[in-house]
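Chain residues, written in single-letter form:
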Amino acid sequence: MLEPLRQGLPPTDPSGVAGSASCALPARYEAVGGARQFTRSTLERWELSDRFDDVALVVSELVTNALRHALPSDPPREFPDPPVRLHLMRWSSRLVCAVRDPSRESPVAGEAADSAESGRGLFLVECVSDSWGWHPSPAPVGEFSSGASTPSTPVYGKVVWALFRLSDCVKNE
């Protein structure tokens, strides 16, 4: 999953990963709160609590987008494998949060009307993080059954990520 994240970024030694954590998220909007709690506990463990507000905002937007735009409109009652995963990865000088979902549709930063209640998520991600992007998922997200008589088919989806530079940067990373 990390290889496409390296494109366009300064060289990163994979052995230099200081920490990584991931969690599966159910196909319910309540999962956004769970993703924030997971982010808080992970950042506390990594002694990065001071970054929580920005990272939690980005995690909330990416998870909400995955749940709103990437899941089928008529999802099965229960997915055999959770369709959305949150990944947090830390190096000494950067933190990446990535959300994997079953859609290969490109995320699009829309222009919302002033009175709109939604449509600004990726704009917020762009403003709060140092960079963001997406790539097709290199591993299956899960399997969606398309009917009792049809076998399940793997779905590859995409990963949407945001990068945060940490203040204690190491020049050679």
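The coordinates are above.
How each quantity is defined
- Residues numbered from 1 in each chain as written.
- Predicted model: local features only at pLDDT ≥ 70, side-chain atom pairs only at ≥ 80, totals over all residues.
- Heavy atoms only, no water.
- Helix = DSSP H or I, 4+ residues; strand = E, 2+ residues; numbered from the N terminus.
- Patch = residues over 30% accessible without salt bridge, like charges linked within 9 Å, V, L, I, M, F, W, Y side chains within 5 Å.
- Areas by Shrake-Rupley, 256 points an atom, 1.4 Å probe, with all protein chains shown as cover.
- Salt bridge = Lys/Arg side-chain N within 4 Å of Asp/Glu carboxyl O.
- Buried < 20%, exposed > 50% of the residue type's maximum accessible area, 1.4 Å probe, protein only.
- Contact = heavy atoms within 4.5 Å.
- Pairing = 2+ DSSP bridges.
- Axes fitted to C-alpha atoms, helices over the stretch in contact; angles between N-to-C directions.

Undergrad: Is there a simple way to explain the environment of Tyr-156 in this structure?
TA: Relative to the helices and strands, Tyr-156 is located in the loop between strand E6 (153-155) and strand E7 (158-165). Note: C-alpha distance between Tyr-156 and Pro-102 (54 residues apart in sequence) is 6.1 Å.

Undergrad: Looking at this structure, how should I read a nonpolar patch on the surface?
TA: A surface patch of nonpolar side chains, amounting to about 240 Å² of accessible area, comprises Leu-57, Phe-123 and Leu-124. Within the element layout of this structure, Phe-123 appears in helix H4 (residues 121-128).

Undergrad: Whenever I open this one, the environment of Leu-57 confuses me. Can you help?
TA: Structurally, Leu-57 can be placed in helix H3 (residues 52-70). Classification of Leu-57 by relative accessible area gives partly exposed; the value is 30%. Taking the C-alpha atoms as reference, Leu-57 lies 9.7 Å from Ser-129; in sequence the two are 72 residues apart. Setting aside residues no more than four positions away along its own chain, Leu-57 makes contact with Leu-124 and Val-128.

Undergrad: Would you mind going over unusual backbone geometry with me for this structure?
TA: The phi angle of most residues is negative, glycine excepted, and most peptide bonds adopt the trans form. Non-glycine residue Glu-47 carries a positive phi angle of around 60°. Counting through the fold element by element, Glu-47 comes out in the loop between helix H2 (31-45) and H3. Residue class for Glu-47 comes out exposed when judged on its relative accessible area of 70%.

Undergrad: How should I be thinking about the pairing of strand E2 (residues 84-90) in this particular structure?
TA: Side chains on a regular strand alternate between the two faces of the sheet. Burial of E2 is extensive: six of the seven residues sit out of reach of the surface. Pairing between strand E1 (residues 19-25) and E2: seven bridges, direction antiparallel. Residue pairing across strands places Gly-19 opposite Arg-90, the latter belonging to E2. Between the antiparallel neighbours E2 and strand E3 (residues 94-101) lie three residues.

Undergrad: What's the story with the environment of Phe-52 in this structure? I'm lost.
TA: Looking at the element boundaries, Phe-52 is found in helix H3. Residues Phe-52 and Thr-39, spaced 13 residues apart in sequence, show a C-alpha to C-alpha distance of 7.5 Å. Not counting residues within four places of it along the chain, the set of residues in contact with Phe-52 comprises Arg-36, Thr-39, Arg-40 and Leu-43.

Undergrad: So what exactly am I meant to see when it comes to the pattern of salt bridges here?
TA: For side chains of opposite charge, pairing can occur when their charged atoms come near one another. In the structure shown here, the tally under the stated rule is two salt bridges. Here Arg-28 ties to Glu-30 by a salt bridge, and the two come within 3.4 Å at their closest N and O atoms. Residue Glu-30 is classed as exposed on the basis of its relative accessible area of 57%. Two residues, Lys-158 and Asp-101, come together in a salt bridge whose shortest N-O distance is 3.0 Å. Here the residue Lys-158 occupies a position in strand E7, and Asp-101 occupies one in strand E3, the gap between them amounting to 57 residues. For the pair Lys-158 and Asp-101, a shared accessibility class is recorded, and that class is buried.

Undergrad: Quick question: what am I supposed to make of the sheet that holds E3 here?
TA: In any sheet, the strands associate via hydrogen bonds between backbone groups, in a parallel or an antiparallel arrangement. Taking strand neighbours across the sheet as the criterion, the five strands line up as E1-E2-E3-E7-E4 in an open arrangement whose pairing is antiparallel. Looking at the sheet topology across the chains shown, the edges are occupied by E1 and strand E4 (131-136). Pairs of neighbouring strands in the sheet enclose a mean axial angle of 15°, with direction left out of account. Those strands touched by H2 are E1, E2 and E3, and its axis lies near 165° from that of E1.

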